[in-house]
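# Chain and residue survey
Listed below are the residues making up each chain.
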Amino acid sequence: MLPELLVQYHLPEQDFRAGRGLRTNAWRAGLGKSESSPVEVLRNYPKQTGEDEGLVLAIHALSHWLWRHRIPLLPKLLSKFNRIVFAVELPAETRIGKGVRLNYSGLGTVLHARAVIGDRVEISPGVVVGGRSDIYDVPVIEDDVTLGVGAKVLGPVRVGRGAVVGANAVVLHDVPADAVVVGVPARVVRIGPKKEG
Ligand SMILES: CC(C)(COP(=O)(O)OP(=O)(O)OC[C@H]1O[C@@H](n2cnc3c(N)ncnc32)[C@H](O)[C@@H]1OP(=O)(O)O)[C@@H](O)C(=O)NCCC(=O)NCCS
């Protein structure tokens, strides 16, 4: 039973490279390749504004590193620690770029194991980046995206570089780069910076 579970849990690296659609494209585009190493995250730890945020990300970086090196069980235990102590679901498999911010140490945040989070993405509390029933692909969040409090990004969706997803928005379609989207389902209210006056 246990070995079976370990095999099931231990998604091979090829699963990412050979993944369908979005994830393959994300891999080709280099997204999710620049993840921080556990050492790097720990070095940046004192610079994080919230100490817990740094700890959550360091634990994730370590569990991801262990998972990539095919160490059984330990990655799962570390991500369970984050879940129990910080109420954040951050599976070891999830690819998280450099300089990602987890506001309020990721309280109530759920990221899918196959989701790809780019560099410098800001994630507010209660964000869900996950799947839709019967659809394999899960979201790809490009660099410099801001996900507002309670935002849900679901299914085969690509959120373009620099986009802002408003509080409580439910994103079901691709979001163009630099767009601001709000509402359920999310709609674009603006592309680019807000005009003064
Ligand atoms: C989406 C957001 C960035 C837009 O801010 P903005 O650029 O200043 O835009 P505005 O406030 O001018 O709003 C533009 C339109 O979108 C609407 N809108 C803004 N935010 C919205 C939201 N979250 N849900 C639904 N509609 C929203 C406004 O009512 C306005 O509609 P109108 O043009 O019909 O009047 C901002 O409202 C937001 O949700 N920020 C996230 C805040 C957050 O999560 N903070 C973290 C706390 S831990």
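Residues numbered from 1 in each chain as written. Predicted model: local features only at pLDDT ≥ 70, side-chain atom pairs only at ≥ 80, totals over all residues.

Turning our attention to the overall build of the chain. In terms of regular secondary structure, the chain is built from 6 helices and 14 strands. For the chain, the proportion of its 197 residues judged to be buried stands at 39%. (Helix = DSSP H or I, 4+ residues; strand = E, 2+ residues; numbered from the N terminus. Buried ≥ 20, exposed ≤ 12 C-beta atoms within 10 Å, placed from the backbone.)

Around the ligand, 14 residues are found, and the nearest of them are Gly148, Val149, Gly166, Ala167 and Val182. Its residues assigned to classes, the shell around the ligand shows 7 nonpolar, 6 polar and 1 charged. (Near = placed C-beta within 6 Å. Nonpolar A, V, L, I, M, F, W, Y, C, P; charged D, E, K, R; others polar.)

What follows deals with the sheet that holds strand S4 (residues 116-117). With respect to topology, 4 strands assemble into an open sheet ordered S1-S4-S7-S10, the strand pairing being parallel. Because the sheet does not close on itself, it has two edges, and the strands there are strand S1 (95-96) and strand S10 (158-159). Sheet analysis places S4 next to strand S7 (residues 140-141), joined by 2 bridges and oriented parallel. Following the sheet pairing, Ile117 is matched in S7 by Ile141. (Pairing = 2+ DSSP bridges.)

Our focus in this paragraph is the nonpolar core. In terms of nonpolar packing, the biggest core is built from 43 residues, with Ile141, Val159, Val165, Val171 and Val181 touching the most fellow members. Where this core is concerned, the elements lending two or more residues are helix H5 (51-68), helix H6 (74-86), S4, strand S6 (128-130), S7, strand S11 (164-165) and strand S13 (179-182). If one sorts the elements of this core by residue count, H5 sits on top with 7 residues. In contact with Val171, not counting residues within four places along its chain, are Lys152, Val153, Leu154, Val157, Val159, Val165, Val181 and Ala186. (Core = buried A, V, L, I, M, F, W, Y, C linked by C-beta atoms within 7 Å. Contact = placed C-beta atoms within 7 Å.)

Our next topic: the confidence of the model for the chain. For the chain, per-residue confidence averages 82 on the pLDDT scale, and residues scoring 70 or more make up 75% of the total. Ignoring residues within four places in sequence, the model shows residues 1-20, a span with pLDDT below 50, making 14 contacts including any to other chains. (pLDDT = per-residue confidence, 0-100.)

Once that is clear, we can look at the environment of Arg120. Within the element layout of this structure, Arg120 appears in the loop between S4 and strand S5 (122-123). Judged by local crowding, Arg120 falls into the partly exposed class, with 16 C-beta atoms found within 10 Å. Excluding residues within four positions of it along the chain, Arg120 makes contact with Gly99, Val100, Asp143 and Asp144.

Hydrogen bonding along the main chain pairs the strands of a sheet, whether they run parallel or antiparallel. Read from one edge of the open sheet, 4 strands run S3-S6-S9-S12, paired in parallel fashion. Both outer strands of the open sheet, strand S3 (110-111) and strand S12 (170-171), are each paired with one neighbouring strand and no more. Here S3 runs beside S6; their pairing, made up of 2 bridges, is parallel. Bridge pairing in S6 places Leu111 opposite Val129.

Sheet analysis places S13 next to strand S14 (residues 187-191), joined by 4 bridges and oriented antiparallel. Opposite Val180, over in S14, you have Arg190 as the bridge partner. Linkage of S13 to S14, two consecutive antiparallel strands, is achieved through a turn of 4 residues, within which Gly183 is found at a positive phi near 90 degrees.

Turning to unusual backbone geometry, a few remarks are in order. The general pattern is negative phi for most residues beyond glycine and trans for most peptide bonds. Omega for the bond connecting Val184 with Pro185 falls within 30 degrees of zero, at -15 degrees, which places this linkage in the cis form. By the element assignment, Pro185 lies in the loop between S13 and S14. At Ser105, a residue that is not glycine, the phi angle is positive and equals roughly 50 degrees. The topology assignment puts Ser105 in the loop between strand S2 (101-102) and S3. With 21 C-beta atoms packed within 10 Å, Ser105 lands in the buried category. With a phi close to 65 degrees, Asp178 is a non-glycine residue in the positive phi region. Summarising the element assignment, Asp178 is placed in the loop between S12 and S13.

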